[in-house]
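These are the residues of each chain, in order.
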Amino acid sequence: MSVGETPVTVVGNLTDDPELRFTPAGVAMAKFTIASTPRTYDKNTGQWRDGTALFLRVTAWRELAEHAAESLTKGTRVVATGRLVQHNWQTPEGENRSMLGLDLDDIGPSLRFATAKVTRAQRPNTAPGQAASATDAWSTAAPAPGGAPTAGFAEEPPF
C-alpha cells in the first residue's frame, strides 16, 4: 500500500454476479458492486431499521478476479478489503462527475450467517501432481519414514 491510500473493509452483499473480462494483454479483471446497508436498533419500537445503503463498485485483478468470479454470486454476503479510489470524468455535456470505488486486495464470504468449503486454487505454474515448493505455506510435509509424526505434531489432537 502506498502513502496516502485509504484502506477500507466493507461487509455487504453482491448486487449481481461478478463480471469477468480480460484486458488486451490477457490480464483478468472482475467488476461487481457490493451493497452495504447499516442497521440500527430502535429501542422505542423494539425493531431493527435499515439505514441508507452504500453501493460500492469493486474492481479485482488477476487471480483474485478469476477466483471471485468463480466463487461469488449475486446475494453472497462478503467481507472485502481494498483501497478506496476516486474516479473522475467529464460527461459529453461537459459536466464533471466523480465516483468512489474499491480496488480489491482480498475478498471472502462472510461466515456470520453461512458456511463455506474452501478449495485451494491450482497455481498456474504448478502442474497437477507436481510437488509443492518448500516455501509454499499451503503445502503439507510428507510423513516421516515409519509413519512417525513430522514437525513436532502428534497424529491425534491433544484433547
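Just so we're clear, the structure is a prediction, and the values are computed from it rather than from any experiment.

### Digging into unusual backbone geometry
- Despite not being glycine, Arg-62 shows a phi value in the positive range, around 55°.
- Residue placement: Arg-62 occurs in helix H1 (residues 62-71).

### Thoughts on the environment of Asp-105
- When you line up the elements, Asp-105 lands in strand S8 (residues 96-109).
- Owing to a relative accessible area of 39%, Asp-105 belongs among the partly exposed residues under this scheme.
- Separated by 46 residues in sequence, Asp-105 and Thr-59 have C-alpha atoms that sit 9.4 Å apart.
- Side-chain polar atoms of Asp-105 contact the side chain of Arg-83, separated by 3.0 Å.

### Examining the packing of aromatic side chains
- Within the structure shown, the criterion is met by one aromatic pair.
- When the centroid spacing of 5.3 Å and the interplanar angle of 65° are considered together, the rings of Tyr-41 and Trp-48 count as edge-to-face.

### Concerning the pattern of salt bridges
- Scanning the model with the defined rule gives five salt bridges in all.
- Note that Arg-49 is salt-bridged to Asp-42, the shortest N-O span being 3.9 Å.
- Given a relative accessible area of 16%, Asp-42 falls into the buried group.
- Close ionic contact of Arg-97 with Glu-95 constitutes a salt bridge, the shortest N to O distance being 2.6 Å.

### Notes on the side chain of Ser-36
- Structurally, the position occupied by Ser-36 is in strand S3 (residues 28-36).
- Polar contacts involving the side chain of Ser-36 include one to the main-chain carbonyl oxygen of Val-11, which spans 2.9 Å.
- Excluding residues that lie within four positions of it along the chain, Ser-36 makes contacts with Val-10, Val-11, Gly-12, Thr-52, Ala-53 and Leu-54.

### A few points about the confidence of the model for the protein
- In the predicted model, the protein carries a mean pLDDT of 83, and the fraction of residues at 70 or more is 76%.
- Predicted confidence for residues 148-152 stays below pLDDT 50, and this span has six contacts to residues more than four positions away or in other chains.

### Here's the deal with the nonpolar core
- Ranked by internal contacts, the top residues of the largest apolar core, which has 17 residues, are Phe-32, Ile-34, Leu-102, Leu-104 and Ile-107.
- For this core, the secondary structure elements donating two or more residues are strand S1 (6-14), S3, strand S6 (54-61), H1, strand S7 (77-90) and S8.
- When residues of this core are assigned to their parent elements, the largest contribution, four residues, is made by S3.
- Those residues in contact with Leu-102 that sit more than four places away from it in its chain are Val-8, Val-10, Leu-56, Arg-57, Val-58, Thr-59, Ala-80, Gly-82, Arg-83, Leu-84 and Val-85.

### Looking at the environment of Leu-56
- Within the element layout of this structure, Leu-56 appears in strand S6.
- Owing to a relative accessible area of 5%, Leu-56 belongs among the buried residues under this scheme.

The rules behind each value
- Residues numbered from 1 in each chain as written.
- Predicted model: local features only at pLDDT ≥ 70, side-chain atom pairs only at ≥ 80, totals over all residues.
- Heavy atoms only, no water.
- Helix = DSSP H or I, 4+ residues; strand = E, 2+ residues; numbered from the N terminus.
- Buried < 20%, exposed > 50% of the residue type's maximum accessible area, 1.4 Å probe, protein only.
- Polar contact = N/O pair within 3.5 Å; in protein donor to acceptor, adjacent residues only side chain to side chain.
- Phe/Tyr/Trp six-rings, centres within 6.5 Å; stacked < 30°, edge-to-face > 60°.
- Salt bridge = Lys/Arg side-chain N within 4 Å of Asp/Glu carboxyl O.
- Contact = heavy atoms within 4.5 Å.
- pLDDT = per-residue confidence, 0-100.
- Core = buried A, V, L, I, M, F, W, Y, C linked by side-chain atoms within 4.5 Å.

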